[in-house]
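If you want the building blocks of each chain, they are given just below.
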Amino acid sequence: MRILLVFCFALLAGATLSAQPDIEKKIQTQLILAEDGDVVTLPAGTITLTNTLWLDEKRRVVVKGAGEDKTILSFKNQTQGAEGFKVTNSSEITLKDFTIEDAKGDIIKTQQVSGLILQNITARWTGKPKKTNGSYALYPVQCSRVIIDHCTAIGASDAGIYVGQSDSVWVRNCIAFHNVAGIEIENTTNAWVYDNQAYNNTGGILIFDLPDLPKKRGGHVRVYRNAVTKNNFRNFAPKGNIVGKVPPGTGIMVLATHDVEIYNNTILDNKTASTAVISYYITENPIKDKAYIPYPSGISIHDNKYSTGKRMPTWKNKMGFLFWLKFGRRVPHVLYDGIQNPDYLNPDGSVRPEHRICVRNNINGTFANLKADKKFKGISRDLQPYDCTIPQ
Amino acid sequence: MLMVVTGWQVALPDEAAPKNLLSEYGFFKGPLANMQPAEQVFPYEVNAPLFSDYAEKARFIALPAGQKMTYHPDQAFEFPVGAVLIKNFYFYHEAAHPEKGRRILETRLLIKEEKGWKALEYLWNDEQTDAVLEVAGASFPFQWVDAGGKSQSIQYIAPNLNQCKGCHSYDGKFVPLGATARQLNRAVDASNHAENQLVYWNKAGWLDLPADFDAAAAPRLADYRHPAESPANPAFSDPLTASARAYLDANCGHCHNAHGPASTSGMFLDIFETNPERLGVNKTPVAAGRGSGNRRFGIVPGKPQESILVYRMENGEPGVRMPELGRQLEHREGVELIKNWIRQMHP
């Protein structure tokens, strides 16, 4: 009897071992052959994969796991491909109900997809956050009509949820922690970021416009009802990447983007810059892209709740150190670098209404114009010139 | 395998079903492994090959009887429906001794259909008598002795059909890569005498070449493997730049151009790019992540060891290495060429 049992067990073990590559091949084959309207089901269990799973040129396909805690796609042993899951040149695609982890590059990358839903997905790097983790956990780029809902992103050495060069995007009900950037919206238009929790990242939510990209201009971004707390994690981004310059202790940062409204957020215990509005000049990177506008404009920050009490800014970053020099342990909540685009001014020197920076009605919100264009001399704490609204 | 093949046929009910065996197409006469082209099948050579872990490639074009390719100066040639591009991947058992025989691993077909190009992948059997259709790709250990006499072993990867398109993509549509004027405009040994490949095909009735075609003035990539024999390139005054740009065009430019999958990066490495910033000179990375290798710019003039481009060419890790697909080993000669090119750039 015992011999029989041992034999059965050996058979079972053998079956499990040899089944692994078969499952990978089966899933990839299903993805290649999926037809309009198909649902591809990922089985429950931990599935070890060696190569990118890839969906290309499909319409109306759903890829569905048995649940975030039941289907786990692990790329710990990945030998091929730069992503975990990739979707390209497709429309009306839904990925949902699974966990996906430890890809060598990005975890889920979608490019040229129109109509994308990512829902109930945990995308993470396991273990301590480190610079050898991949860049992005969830990474739609050059996509339109994107919904990222109830997803969790952990451990990205760049951004947990990163939407780049896209249009019409909702990021909602998501959780991001232990990333360099929790949520980042870059060169993307019409993005709503709401009801998310970004905590224990280096920076919570970043809204960036960068030069040298095919999609030139982001903007029309709404960031509301988010909990952006304790984003004081060390910056573990590899050098060369723009997020490597984000100081630990950053809540929300707007870099060179046009038309951004930040309201009704709770922005608590971010020690260096609870909310920063800055131009690309602050990065000290060269700008050679002639079509690029390096200034933020049309920024409205209102009705947010900030924390009381003292905050010691980081010393591990030039900006953080400068803040400590200027403000000690009481860094203002809303920081504006004050670098003004001369093209945005009226003849009398005032800023044209659509390009204003407006800061009003925030709970506990203190403010400083850093006068970075004047070598940080004559920093102004006066909020009165920024008590405005932006005409719609 | 049977399931896979059946699935594929179901997926394409309105088209000619792919054949299960390579031999069924009749591209070659005699034993398949000898690759003796049949009627309407002829070999082609490229100026600047894509590096694929030191694999050798035997390339052929099959045209339907009485049909021709149409010349285009800077995009892929037009092919008639039914045309097939055939690429066979093999290794000599010992790279320094081709006479000791070779192992053919895979044959990739690009078939021109009404709707566009379709890729098919065939894996050769151990007996080297035939190759079998494979949809989802394959991976197996493979060993050979390299040109330096050193034993090399890799996990050989035959791509799945999506991976084919990972490179063969222009605005999201499947395109051939090697069938361009700049790749094919070269001297070949045609019927035992040297002749321009395109001119020869024109005479043979396989290619529709403009009447005023001038091989010397037409686009041409330098043969980076044999720079000394490569004729002067009208677009680049110095031979090193001509070789380096040809290398980048063939190995990177298919993705890194404004219409390719790497357009997101803003770094364009195709032969037509003239803006130094877009080529990567003092350009910060966009989404490179750890692929930056802690370096700040794509290309730092004069300093190959500070250039991200070189880091990613030298690295073998998935997620860092470039190209993303089709390479595991470092292409030492290619890296050396790009380093030399960057070294002589003026800061």
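Cut-offs applied
- Residues numbered from 1 in each chain as written.
- Chains lettered and ligands numbered in written order.
- Predicted model: local features only at pLDDT ≥ 70, side-chain atom pairs only at ≥ 80, totals over all residues.
- Heavy atoms only, no water.
- Helix = DSSP H or I, 4+ residues; strand = E, 2+ residues; numbered from the N terminus.
- Rg over C-alpha atoms; globule rule 2.2 N^0.38 Å.
- Buried < 20%, exposed > 50% of the residue type's maximum accessible area, 1.4 Å probe, protein only.
- Salt bridge = Lys/Arg side-chain N within 4 Å of Asp/Glu carboxyl O.
- Contact = heavy atoms within 4.5 Å.
- Buried area = accessible area lost by both parts, 1.4 Å probe.
- Polar contact = N/O pair within 3.5 Å; in protein donor to acceptor, adjacent residues only side chain to side chain.
- Nonpolar A, V, L, I, M, F, W, Y, C, P; charged D, E, K, R; others polar.
- Pairing = 2+ DSSP bridges.

Draft legend 1. Structural detail: the overall build of chain A. Check the secondary structure of chain A and you find two helices and 28 strands. Computed over its C-alpha atoms, the radius of gyration of chain A comes to 23 Å, within 12% of the 21 Å expected for a compact globule of 392 residues. Along the three orthogonal principal directions, the C-alpha set of chain A runs to about 90 × 40 × 35 Å. Counting every position in chain A, which comprises 392 residues, the buried fraction comes to 58%.

Draft legend 2. Here's a closer look at the pattern of salt bridges. For the structure shown, the criterion picks out 35 salt bridges over all chains. Salt bridges sharing common partners tie together Glu-45, Arg-186, Asp-223 and Arg-225 of chain B.

Draft legend 3. Up close: the environment of Gly-240 of chain A. Along the polypeptide, Gly-240 of chain A turns up in the loop between strand S19 (227-229) and strand S20 (250-255). Here the alpha-carbon distance between Gly-240 of chain A and Leu-345 of chain A, two residues 105 residues apart in the chain, equals 34 Å. Not counting residues within four places of it along the chain, the set of residues in contact with Gly-240 of chain A comprises Pro-285, Arg-295 and Arg-296 of chain B.

Draft legend 4. Local environment of the interface of chain A and chain B. Listed as interface residues are 45 residues of chain A and, on the opposing side, 45 residues of chain B. The contact between chain A and chain B buries some 3700 Å² in all, and 51% of this surface belongs to carbon and sulfur atoms. The largest share of the area that chain A buries against chain B comes from Ile-32, Trp-54 and Gln-80 of chain A, three residues that together contribute 15% of it. Taken together, the links from chain A to chain B amount to five salt bridges. One salt bridge in this structure joins Asp-56 of chain A and Lys-165 of chain B, with 2.9 Å as the shortest N-O distance. Across the chain A-chain B interface, the total number found is 18 residue pairs in polar contact (both at pLDDT 80 or more). Those elements that place two or more of their residues in the side of chain A that touches chain B are helix H1 (2-33), strand S3 (53-56), strand S6 (83-101) and strand S8 (136-141) of chain A. Looking at the side of chain A that touches chain B element by element, the count peaks at five residues for H1 of chain A. Grouping the amino acids of the side of chain A that touches chain B by side-chain chemistry returns 14 nonpolar, 19 polar and twelve charged.

Draft legend 5. Representation of the pairing of strand S4 (residues 59-64) of chain A. All names here are of chain A. Summarising the sheet, strand S1 (residues 39-41) and S4 pair through three bridges and their orientation is parallel. Within S4, the position partnered with Thr-41 by the bridge is Lys-64. Sheet topology note: the S4/S6 ladder contains five bridges and is parallel. Residue pairing in the sheet places Val-63 in a bridge with Leu-95 of S6.

Draft legend 6. Spotlight on the pairing of strand S11 (residues 151-158) of chain B. All names here are of chain B. Judged from the eight bridges that link them, strand S10 (residues 138-145) and S11 form a sheet pairing that is antiparallel. For Ser-139, the partnering residue across the bridge sits in S11 and is Ile-157. Connecting S10 to the antiparallel partner S11 that follows it, the hairpin turn spans five residues, and Gly-149 within it adopts a positive phi of roughly 85°.

Draft legend 7. Up close: unusual backbone geometry. Looking along the chain, the bond that leaves Met-322 of chain B and enters Pro-323 of chain B is cis, with omega of -5°. Note that Pro-323 of chain B resides in the loop between helix H7 (308-314) and helix H8 (332-343). Residue Asn-173 of chain A is not a glycine yet carries a positive backbone phi of 55°. Within the secondary structure, Asn-173 of chain A sits in the loop between strand S12 (167-172) and strand S13 (175-177).

Note that all results are geometric; they support no functional claim without further evidence.
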